[in-house]
Amino acid sequence: MRLLMEGYAWLPGLRRSTGSDVVRTRVMGQPALGLCGPEAAQFFYDEKHVQRHGAIPGPVLSTLFGHGAVHTLDGDAHRQRKSLFLSLVTRESTASLVSCVAAAWEDTVVGWPEGREVVLFDEASRALTAGVRRWAGIPVETHEVAALAADLVAMVDGFATAGPRHWRARKARKRREAWLAALVRQVRDNELGTPQGAALDVVARHRDADGELLDPHTAAVELLNVIRPTVAVCWFVAYAGHALHRWPQHREPLRAGGDFAVAFAHELRRFYPFAPFLGGRATHDLTWQGEHVPEGSLVLLDLYGQNHDSRLWTDPYRFDPQRFVDREIGAWDLVPQGAGDPHTGHRCPGEPFTVALLAELSTRLAGLDHDVPDQDLTISLSRIPARPRSGFRLIPATARQ
Ligand code: HEM
């Protein structure tokens, strides 16, 4: 199937070949309409047009999101579950997460063995895991962090492929859901002390639209939906290493601090490939730009394509953080984590975390004296999720021989 072969270039390629912003295609044998652009995003995010229930394929739920996840809900059930995530992402909690991850990053860098290369992707995944487990109040011993990081990365890495990566993802999810469901039971039975207001405590005590506590499995799924994507920021940290290597002129302004780090984080999220597109189902027979959309058919919103649309971004294939300095970002234009209002729609609630963590870790990376040995830095657009093939290897200066 062309999606598997072409990855991120699939929907943009279809649009180019048809010369239209709306393309008809098929996904897993089902008819689908591919859309792109701010107006299309508003159409897609309108619950009267497109719903999420039944849109996400089983293999993606069994790896990336978990069955029963917030991603699959609509209407009041969605809004009530979403409030759980939004309550966890405040200005204070963002600062506290960043400080936990910065401390873990510091420990990581200090622990790098002399004279040895390290893989930035792996190191960042462990530092993020160490930081977020502390922030979330989840008891994980230091020697268990690497295994947890590997499982959380596996869930993301294996969602869009068949074969070993996919099976690794399924196993990782099963293992971690069982573990976290047991922790949720312990919190509820007062057998485990976890700080009040920490993510583990908040998820364990959250009540859904029906007034009931989440069953322990669903609670585990949603706890993973906080810690897994936080650790997935390691994809962008590896991209930050890549960008600073390719365009070293950004080191100096990053080191100087200020708003540039946030602009750099936004450009990482816009420029580099991660989430390819979103899917939903037409709630009833619809028409979009003259195209008939039959009830129940798939509607896809091309995120990667929109982030590289020259009508929105001048010279879109140029990495230029400066474009975000003093730019007001509209709710519908920059869409690496979805569009619209996170309170009313499905837009990612974790953008403040992502941007703050990336600003912090990119700045630290810019200040790190290191060499970059020869390696394969290609980023294949046919691999979902993409990443620099080598994971970005570096030799820290303190470890140089
Ligand atoms: C949803 C991307 C980080 C939690 C989403 C969506 C995307 C996305 C594309 C779907 C939006 C939609 O369906 O309309 C990313 C990327 C991240 C990231 C690329 C950085 C690596 C985070 C973080 C959190 C998080 C740090 C932690 C709170 C969620 C949740 C949803 C979501 C709970 C489901 C929202 C809903 O269905 O209402 N994310 N995200 N994400 N993200 Fe993120």
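All figures in this text were calculated on a predicted structure; none of them were measured in a lab.

A.B. asks: Looking at this structure, how should I read the overall build of the protein?
C.D. replies: Broken down by element type, the protein carries 16 helices and ten strands. For 401 residues, the compact-globule estimate of 2.2 N^0.38 gives 21 Å, and the C-alpha radius of gyration of the protein, at 21 Å, lies within 12% of that figure. Its C-alpha atoms give the protein principal-axis dimensions of about 65 × 55 × 40 Å. Scored against the burial criterion, the 401 residues of the protein give a buried share of 56%. Restricting to contacts in the protein with at least 6 residues of sequence separation, those with at least 24 account for 70%. For the protein, the exposed area adds up to about 17200 Å²; of that, 52% sits on carbon and sulfur atoms. If you average the places of the 45 positive and of the 47 negative side-chain charges in the protein, the two averages end up 5 Å apart.

A.B. asks: I tried to follow the sheet that holds strand 3 (residues 50–51) on my own but got confused; where do I start?
C.D. replies: In a beta sheet, neighbouring strands are held together by backbone hydrogen bonds and run either parallel or antiparallel to one another. Pairing within the open sheet is mixed, and its five strands lie in the order 1-2-8-5-3. Lying at the two open borders of the sheet, with one neighbouring strand each, are strand 1 (23–27) and strand 3. Sheet contacts for helix 2 (residues 10–18): strand 1, strand 2 (30–35), strand 5 (277–282) and strand 8 (298–302); angle to strand 1, the most-contacted strand, approximately 140°. Its contacts with the sheet put helix 3 (residues 38–45) on strand 2, strand 3, strand 5 and strand 8, and the angle it makes with strand 8 is roughly 140°.

A.B. asks: What should I look at first to understand the site of the ligand in this one?
C.D. replies: Near the ligand you find 29 residues, and of these Tyr-45, Arg-52, His-78, His-346 and Cys-348 are the closest. One of the side-chain N or O atoms of His-78 is found 2.7 Å from an oxygen atom in the ligand. Take Gln-337: an N or O atom from its side chain is 3.4 Å from a nitrogen atom of the ligand. The set of elements that each furnish at least two residues to the shell around the ligand consists of helix 5 (75–88), helix 11 (216–231), helix 12 (233–246) and helix 16 (351–366). Residue contributions to the shell around the ligand peak at four residues, all from helix 11.

A.B. asks: Sorry, what's going on with the coordination of the iron atom of the ligand here?
C.D. replies: Angles between donor atoms at a metal ideally measure 109.5 degrees for a four-coordinate tetrahedral arrangement and either 90 or 180 degrees for a six-coordinate octahedral one. Among protein atoms, the single one acting as a donor to the iron atom of the ligand is Cys-348 (SG), 2.3 Å away. Tracing the backbone shows Cys-348 in the loop between helix 15 (303–306) and helix 16.

A.B. asks: Help me understand the packing of helix 4 (residues 58–65) against helix 9 (residues 164–188), please; the structure alone is not making it clear to me.
C.D. replies: Direction vectors running N to C along helix 4 and helix 9 enclose 60°, while the axes themselves pass 8 Å from each other. Our classification of the angle between helix 4 and helix 9 gives oblique. Helix 4 and helix 9 meet at a crossing whose hand is left-handed. Contacts between helix 4 and helix 9 involve Pro-59, Leu-61, Ser-62, Thr-63, Leu-64 and Phe-65 from the first element and His-166, Ala-169, Arg-170 and Arg-173 from the second. Split into classes, the residues belonging to the contact of helix 4 with helix 9 amount to five nonpolar, three polar and two charged.

A.B. asks: Explain the nonpolar core to me, please; I cannot follow it from the model alone.
C.D. replies: Most often, soluble globular proteins keep nonpolar side chains buried together rather than apart. Ranked by size, the top nonpolar core spans 102 residues in total, and within it Ile-138, Phe-264 and Leu-268 carry the most contacts. With ten residues, helix 12 is the largest single contributor of residues to this core. In contact with Phe-264, not counting residues within four places along its chain, are Ala-240, Ala-243, Leu-244, His-250, Leu-254, Phe-319, Pro-321 and Ser-362. Judged by nonpolar contacts, the second largest core, of 18 residues, contains Phe-44, Val-50, Leu-301 and Ala-339.

What counts, and where the lines are drawn
Residues numbered from 1 in each chain as written. Predicted model: local features only at pLDDT ≥ 70, side-chain atom pairs only at ≥ 80, totals over all residues. Heavy atoms only, no water. Helix = DSSP H or I, 4+ residues; strand = E, 2+ residues; numbered from the N terminus. Rg over C-alpha atoms; globule rule 2.2 N^0.38 Å. Buried < 20%, exposed > 50% of the residue type's maximum accessible area, 1.4 Å probe, protein only. Contact = heavy atoms within 4.5 Å. Areas by Shrake-Rupley, 256 points an atom, 1.4 Å probe, with all protein chains shown as cover. Lys, Arg positive; Asp, Glu negative; His and termini not counted. Charge placed at Lys NZ, Arg CZ, Asp CG, Glu CD. Pairing = 2+ DSSP bridges. Axes fitted to C-alpha atoms, helices over the stretch in contact; angles between N-to-C directions. Near = heavy atom within 4 Å. Polar contact = N/O pair within 3.5 Å; in protein donor to acceptor, adjacent residues only side chain to side chain. Donors = N, O, S within 2.8 Å, 3.2 Å for Na, K, Ca; no water. Parallel < 35°, antiparallel > 145°, perpendicular 65-115°, else oblique. Left-handed = near helix turned anticlockwise from the far one by under 90°. Nonpolar A, V, L, I, M, F, W, Y, C, P; charged D, E, K, R; others polar. Core = buried A, V, L, I, M, F, W, Y, C linked by side-chain atoms within 4.5 Å.

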